[in-house]
Amino acid sequence: MKKWLDDFKLALIQENIENLESLLDDLDLKDFAINAAKKSKNDDELRENINDTLIQIQALLQEATNLIIAKKDNKAHDIQKFQKALKYFNS
């Protein structure tokens, strides 16, 4: 899970939407929970580890959502500019 988190953070920093989508497809929380259970010494440690990781995932997903929305808005704005320019040149 640490590698996934690091890869996701890097893709987010680089604003690489394709990598973000690929990483989301690869996210396996069931496998993460099984591995965390095996590594944890007791229930409290397991709860803490899973909670910390899920908080990180939630924050990263929120940032990814914000990034994707911003990119979509920028693309829509660029398309509107091109449409206005086409109208101007066709007039």
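Notes on the structure in this doc start here. Sequence positions are assigned chain by chain, starting from 1 and proceeding in written order. The predicted nature of this model means local features are confined to residues of pLDDT at least 70 and side-chain atom pairs, given and counted, to a pLDDT of 80 or more, with totals for whole chains, interfaces and linings taken over all residues. Excluding hydrogens and water, the side-chain figures rest on all heavy atoms present in the structure.

A word on the packing of aromatic side chains
Moving on, step 1. Two aromatic rings, drawn from Phe, Tyr or Trp (for Trp, its six-membered ring), form a pair once their centres lie within 6.5 Å of each other, and the interplanar angle then sorts them: stacked below 30 degrees, edge-to-face above 60, tilted otherwise. Inspection of every chain in the model, using the stated rule, returns 2 aromatic pairs.
Moving on, step 2. Ring geometry for W4 against F8: centres 4.9 Å apart, planes inclined by 20°, an arrangement best described as stacked. Residue W4 and its partner F8 are both found in helix α1 (residues 2-13); the two are separated by 4 residues, about one turn of the helix. As far as the burial class goes, W4 and F8 line up, both buried. Helix numbering and strand numbering both begin at the N terminus, where a helix is a DSSP run of H or I of at least 4 residues and a strand a DSSP run of E of at least 2. Accessibility here uses a 1.4 Å probe with only protein chains present; expressed as a share of the type maximum, an area under 20% marks a residue as buried, one over 50% as exposed, and anything in between as partly exposed.

Side note on a negative patch on the surface
Moving on, step 1. Two distance rules govern patches: like charges are joined within 9 Å, and nonpolar side chains (Val, Leu, Ile, Met, Phe, Trp, Tyr) within 5 Å, applied only to residues with over 30% relative accessible area and no salt bridge. Only the protein chains shown count as covering a residue, and every accessible area follows the Shrake-Rupley method with a 1.4 Å probe. The term salt bridge refers to a pairing of a side-chain nitrogen on Lys or Arg with a carboxyl oxygen on Asp or Glu at a separation within 4 Å. As used throughout, the charge tally considers Lys and Arg to be positive and Asp and Glu to be negative, leaving His and the chain termini uncounted. Note that the charge is assigned to NZ on lysines, CZ on arginines, CG on aspartates and CD on glutamates. A surface patch of negative charge is lined by E18, E21, D25 and D26.
Moving on, step 2. Tracing the chain through its elements places E21 in helix α2 (residues 17-26).

Observations concerning the nonpolar core
Moving on, step 1. Within the largest apolar cluster, 11 residues are counted, these being W4, L5, F8, A11, L12, L20, L23, I57, L60, A64 and L67.
Moving on, step 2. For this core, the elements supplying multiple residues, two or more each, are α1, α2 and α4 (43-90).
Moving on, step 3. Per-element tally for this core: the top contributor is α1, with 5 residues.
Moving on, step 4. By definition, residues are in contact when any of their heavy atoms lie within 4.5 Å. Setting aside its immediate chain neighbours within four residues, L67 contacts L12, E15, I17 and L20. We call a set of buried Ala, Val, Leu, Ile, Met, Phe, Trp, Tyr and Cys residues a nonpolar core when their side-chain atoms join them within 4.5 Å.

Quick look at the pattern of salt bridges
Moving on, step 1. Per the counting criterion, the structure on display carries 4 salt bridges.
Moving on, step 2. The salt bridge involving D7 is made with K3; its shortest N-O contact spans 2.9 Å. Within this pair, D7 and its partner K3 are both found in helix α1, separated by 4 residues, close to a single helical turn.
Moving on, step 3. Of the residues examined, D7 reaches a relative accessible area of 29% and is grouped as partly exposed.

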